[in-house]
Amino acid sequence: MNDMRGRATQVAAKARALAVRKPLTVMTAVAVASLCGGAALNAAEIARMHGVASANERAIEDTRREAQREINALAARMGELQAQANRLNALGDRLARGAGLEDGEFDFDRPVGQGGAEPARDMPARKLLGGMDALDGDLASSGQQLSVLEALLFDRRIERNALPSRSPVASSFVTSSYGYRADPFGRGGQFHKGIDFDARTGDRVMTVADGVVSYSGVRSGYGNVVEVDHGNGYVTRYAHNSRNVVKVGDLVRVGDEIAKAGSTGRSTGAHVHFEVWENGRVQNPRKFLGDMGVSRQ
């Protein structure tokens, strides 16, 4: 211990002597030592700051990816809602046409007006998602209601098309009405079971409602006859045809040609004899056809 103290004393003495003889050398050594220590500290601080910056960049990238995932999810949801809206617009447009609404009364392509005096502010993502969920529910409910309405209109259209409510020949007029009349052959009076429409030989005879051909052939007095069963107890008869163009079992739609007009059977000239039967009893076609007093064009 005494020996080490002695050596330390000698080193200190030499240092003092050196400082006295060469002060610049000593100052330079101290400065270099200080710079080396400061450089070491600066390198450590820079390394730490680089680490912090890298961590921040990773956090920012993670946040960006999460935000992009949310945007992609919102885009997908928006696409679903847009598809639902397009379907409802198409359905609504079809229903408007089917209901016979005037053009422009319901324009499904025109955006509706909106407004509000309240100031706008940022919308939280959670509130936006909640609003989209509510919109999804509203669209689903509206779709169900429109589908029910479409079904009702379709059923009504089927029912209407099954009623004998049209003329069996185009651009014609009534030449003989339903009921008692003078016999056209001058043999007194008779009960006329149908309505006669003026026609030329070969004119199209058309079914007045949807149905199935239940008879196609010849009947006494009627000549060539076609009968169509429309369901719900309704049957229509088309007589005095020059020829029939349908056979039993054929499905016919309203306006389909079923025969060619003529003057077969007990007839004074070319015309279409039309009868309506309901549950086996002949009816006055006027109550189904309305006013058929239309002149030939």
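Residues numbered from 1 in each chain as written. Predicted model: local features only at pLDDT ≥ 70, side-chain atom pairs only at ≥ 80, totals over all residues. Heavy atoms only, no water.

Caption draft 1: Spotlight on the sheet that holds strand β9 (residues 243-244). On the basis of which strands lie adjacent, the open sheet formed by three strands has the order β5-β11-β9 and antiparallel pairing. Since the sheet does not close on itself, it has two edges, and those belong to β5 (204-206) and β9, each with one partner. Examined bridge by bridge, β5 and strand β11 (residues 257-260) share three bridges and lie antiparallel to one another. Note that in β11 the partner of Val-205 across the bridge is Ala-259. (Pairing = 2+ DSSP bridges. Helix = DSSP H or I, 4+ residues; strand = E, 2+ residues; numbered from the N terminus.)

Caption draft 2: Region of interest: the side chain of Asp-196. Relative to the helices and strands, Asp-196 resides in strand β4 (residues 195-198). One polar contact links Asp-196 to His-273, side chain to side chain, over a distance of 2.9 Å. Those residues in contact with Asp-196 that lie beyond four places of it in its chain are Phe-173, Val-174, Thr-175, Ser-176, Arg-181, His-271, Val-272 and His-273. (Polar contact = N/O pair within 3.5 Å; in protein donor to acceptor, adjacent residues only side chain to side chain. Contact = heavy atoms within 4.5 Å.)

Caption draft 3: The arrangement of the pairing of strand β6 (residues 211-219) in detail. Sheet topology places β6 next to strand β10 (residues 251-252); two bridges connect them, and they run antiparallel. Residue pairing across strands places Gly-211 opposite Val-252, the latter belonging to β10. Taken together, the seven bridges between β6 and strand β7 (residues 223-231) define a ladder with antiparallel strand orientation. If you follow Val-212 over to β7, its bridge partner there is Asp-229. Where β6 folds back onto β7 in an antiparallel hairpin, the turn is made up of three residues, including Gly-221, whose phi is positive at roughly 85°.

Caption draft 4: Up close: the packing of aromatic side chains. Applying the stated rule across the entire model yields four aromatic pairs. Consider the rings of Tyr-178 and Phe-191, whose centres lie 5.3 Å apart with planes at 80°: the pair is edge-to-face. With a gap of 13 residues between them, Tyr-178 in the loop between β1 (174-176) and β2 (179-182) and Phe-191 in strand β3 (residues 189-192) connect regions that are remote in the sequence. Among the residues examined, Phe-191 registers a relative accessible area of 35% and is labelled partly exposed. Pairwise contacts between aromatic rings join Tyr-178, Tyr-180 and Phe-191 into one cluster. (Phe/Tyr/Trp six-rings, centres within 6.5 Å; stacked < 30°, edge-to-face > 60°. Buried < 20%, exposed > 50% of the residue type's maximum accessible area, 1.4 Å probe, protein only.)

Caption draft 5: Inspection of the pattern of salt bridges at higher detail. If you walk through the whole model with that rule in mind, you get ten salt bridges. Across the pair Arg-219 and Glu-227 runs a salt bridge, and its minimum N-O distance is 3.0 Å. When salt bridges with common partners are traced through the structure, they connect Arg-219, Glu-227, Arg-237 and Glu-275 into a single cluster. (Salt bridge = Lys/Arg side-chain N within 4 Å of Asp/Glu carboxyl O.)

Caption draft 6: How the structure looks around unusual backbone geometry. Of note in the backbone geometry, His-240 takes a positive phi value of approximately 65° without being a glycine. Unlike most non-glycine residues, Asn-279 shows phi in positive territory, near 50°.

Caption draft 7: Local environment of the side chain of Arg-237. The topology assignment puts Arg-237 in strand β8 (residues 234-241). With a relative accessible area of 12%, Arg-237 lands in the buried category. A distance of 2.8 Å separates polar atoms of two side chains, one belonging to Arg-237 and the other to Glu-227. Contact partners of Arg-237, with chain neighbours within four places excluded, come to Arg-219, Tyr-222, Val-225, Val-226, Glu-227, His-273, Phe-274, Glu-275 and Trp-277.

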